[in-house]
Amino acid sequence: KWVLGIGVRSDSGARLTAEHTHHQVPGLGWRSVSKLAWDKQLQSAGLDLLAPPDSSLWRWNTSVKLEQEKLTGFLINSQRWRAGRTQLGERIDRSYYAQYDAAEVKYDGLSGQQESISGNYAWTWRNFDSLPFPTQGVGGSLELGTGVSLGSPREPFTRWLARGMWLQPLGRESGRLAVRAEAGSVISRNTSGLPTTQLFVAGGDNSVRGYAPSSLGVLQSNGAIAAGRYLATGSIEWQRPILWNQQRTDWETAVFVDAGAVSDDLQQMKAKIGYGVGTRWRSPIGPLRMDLAYGQAVQKLRLHLSIGFVF
């Protein structure tokens, strides 16, 4: 199966994508999914291989992902190789895997590459009334990994990332509250030898609206934004249905406030605030979100468009 796409992003202009799925690779019997994506800011290529499930629904899987991304003041070339097992369920997903990361960062004519290897476990729990159009419920996820950087000297590290979402109904005409939170950190004596892909940035559609993707991080002396070792974001949103002739339509309004911070020092964590309004549409391919957000720190309006229920 081939899927080809063309679109536009508010941050990076025109975007082209291509995806190929082979449901039974000859000689291997696994499913393969190859993906390509290109725009002005991000170019990526990836390959995922997934084995048939065993009697307990666990599958072997392996993947590789190559990316080139322009951040604020940086150009990052990265690669990620992963191999392990995964179990996908209606409510709970689990996986454990070994991972190799490498990232080359270029700025001000200088470049340097960092590498790491790690062992990881990931767990996701979803308890929503329906997918992909939930109206109430709760969900949570946890990623936990430990490994070592491959530079000199080699530094052991532990990385964790937790996410949560809560949807609370307020009544037929009053809609619901959507509360989202995310926190993570990298525990190590020195993170300078870690690939930037093992650290954290924030901003964008599913993070802190009102700010460009990956624009919230650690401010460098040259004005560039680097990834940091601590992350915290949160959001509260009031979603209210639009009625027509006393009947619910496929449209909703939204009012929201987002906040988030990234830092290398917990004492320096200062939240950046974004707030705004938006609309939601139950489209045939999933929830379509259109938000106009004001980033208080940058004093600018930003349009955010996204599709699908992300958790």
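So, how was this worked out
Residues numbered from 1 in each chain as written. Predicted model: local features only at pLDDT ≥ 70, side-chain atom pairs only at ≥ 80, totals over all residues. Heavy atoms only, no water. Salt bridge = Lys/Arg side-chain N within 4 Å of Asp/Glu carboxyl O. Buried < 20%, exposed > 50% of the residue type's maximum accessible area, 1.4 Å probe, protein only. Helix = DSSP H or I, 4+ residues; strand = E, 2+ residues; numbered from the N terminus. 1 Å grid on protein atoms, 1.4 Å probe; cavity = no way out; pocket = protein on both sides within 12 Å on 5 of 7 lines; lining within 4 Å. Points joined across faces, edges and corners; volume = space filled by probe spheres on them. Nonpolar A, V, L, I, M, F, W, Y, C, P; charged D, E, K, R; others polar. Phe/Tyr/Trp six-rings, centres within 6.5 Å; stacked < 30°, edge-to-face > 60°. Lys NZ or Arg CZ within 6 Å of the ring centre and 35° of its normal. Polar contact = N/O pair within 3.5 Å; in protein donor to acceptor, adjacent residues only side chain to side chain. Contact = heavy atoms within 4.5 Å. Core = buried A, V, L, I, M, F, W, Y, C linked by side-chain atoms within 4.5 Å.

Q: Residue-level account of the pattern of salt bridges, with values.
A: Under the criterion given, the structure shown has 17 salt bridges. Here Glu 67 makes a salt bridge to Lys 65, at a shortest N to O gap of 3.2 Å. Residue classification places Lys 65 among the partly exposed residues on the basis of a relative accessible area of 43%. Ionic pairing is found between Asp 93 and Arg 126, a salt bridge with its closest N-O pair at 3.1 Å. Placement of Asp 93 in strand S7 (residues 92-107) and of Arg 126 in strand S8 (residues 110-128) is noted, with a sequence separation of 33 residues between them. Under the relative-accessibility criterion, Asp 93 is labelled buried at 18%.

Q: Pulling in residues and values, what's your account of the layout of surface pockets?
A: Approximately 450 Å³ is the volume attributed to the second largest pocket. Considering the residues around the second largest pocket, the lining is formed by 18 residues, among which Phe 74, Val 105, Gln 114, Ser 192 and Ala 226 are closest to the centre. Where the lining of the second largest pocket is concerned, the elements lending two or more residues are strand S6 (74-88), S7, S8 and strand S13 (225-226). No other element matches the three residues that S8 contributes to the lining of the second largest pocket. Looking at side-chain class alone, the lining of the second largest pocket contains ten nonpolar, seven polar and one charged residues.

Q: So what about the packing of aromatic side chains? Which residues, and what values?
A: Within this structure, the stated rule accounts for four aromatic pairs. With a centroid separation of 5.6 Å and 50° between ring planes, the pair formed by Trp 58 and Tyr 96 is classed as tilted. In this pair, Trp 58 sits in strand S5 (residues 58-71) while Tyr 96 sits in strand S7, placing the two residues 38 residues apart along the sequence. Here Trp 58 falls in the buried class, since its relative accessible area comes to 18%. Where Trp 251 meets Trp 281, the ring centres are 5.7 Å apart and the plane angle is 15°; that geometry is what we call stacked. Highlighted residues: Trp 251 in strand S15 (residues 247-263) and Trp 281 in strand S16 (residues 272-283), separated in sequence by 30 residues. The exposure class assigned to Trp 251 is partly exposed, which follows from its relative accessible area of 35%. Trp 281 sits in the partly exposed class, given a relative accessible area of 30%. For Arg 82, the ring lying beneath its charged end belongs to Tyr 97, and the centroid distance is 4.0 Å. Positioned above the aromatic ring of Phe 133, the side-chain terminus of Arg 282 is 4.2 Å from the ring centre.

Q: Describe the side chain of Glu 155, listing the residues and the values that go with them.
A: One can find Glu 155 in the loop between strand S9 (137-149) and strand S10 (156-171). Polar side-chain contacts of Glu 155 include one of 3.5 Å to the side chain of Arg 189. When sequence neighbours within four positions are dropped, the list of residues in contact with Glu 155 reads Gly 147, Val 148, Ser 149, Ser 188, Arg 189 and Asn 190.

Q: So what's going on with the nonpolar core? Which residues, and what values?
A: Note that soluble globular proteins tend to have their nonpolar side chains buried in a common cluster. Of all hydrophobic cores here, the largest spans 13 residues; its most connected members are Val 186, Leu 194, Leu 199, Phe 200, Ala 202, Leu 216 and Leu 231. Apart from the residues within four sequence positions on either side, Leu 231 is in contact with Leu 161, Glu 182, Ala 183, Gly 184, Phe 200, Val 201, Ala 202, Ala 261, Val 262 and Met 269. Counting residues in each nonpolar core, the second largest holds seven residues, with Leu 71, Val 105, Ala 224 and Ala 226 among its members.

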